[in-house]
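# Structural characterization, general
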Amino acid sequence: MTKDEQMRIALMLAFQSVISQGENAKSKEAAQRIVALARLMNEFCDLHIAQMYSEERGV
């Protein structure tokens, strides 16, 4: 998966999260929250996915 694809998935998940809280996705504030949440998701994955696979392999 490319970095662009990873970010797109994070954006979709963040969008769904914000929408499920009843916010208007068309507002500027909601859009900013969606992007910020997607970046956090992406950073979390970058930090922990590699670590998870190395632990499974016993590295």
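Below: a short report on this structure.

### Some details on the overall build of the protein chain
Along its length, the protein chain carries 2 helices and 0 strands. With 59 residues in all, the protein chain has 15% of them scored as buried. Considering only intrachain contacts with a sequence separation of at least 6, the fraction spanning at least 24 residues in the protein chain is 50%.

### Focus: a nonpolar patch on the surface
On the surface, M1, I9, M12 and L13 cluster together to form a nonpolar patch covering roughly 450 Å² of accessible area. Looking at the secondary structure, you find M1 in the segment before helix 1 (3-20).

### Some thoughts on the side chain of Q6
Inspection of the secondary structure assignment puts Q6 in helix 1. Residue contacts for Q6: discarding those within four places in its chain leaves M1, N42, C45 and D46.

Here is what the cut-offs are and how they apply
- Residues numbered from 1 in each chain as written.
- Predicted model: local features only at pLDDT ≥ 70, side-chain atom pairs only at ≥ 80, totals over all residues.
- Heavy atoms only, no water.
- Helix = DSSP H or I, 4+ residues; strand = E, 2+ residues; numbered from the N terminus.
- Buried < 20%, exposed > 50% of the residue type's maximum accessible area, 1.4 Å probe, protein only.
- Contact = heavy atoms within 4.5 Å.
- Patch = residues over 30% accessible without salt bridge, like charges linked within 9 Å, V, L, I, M, F, W, Y side chains within 5 Å.
- Areas by Shrake-Rupley, 256 points an atom, 1.4 Å probe, with all protein chains shown as cover.
- Salt bridge = Lys/Arg side-chain N within 4 Å of Asp/Glu carboxyl O.

All we've got here are geometric facts, nothing functional implied.
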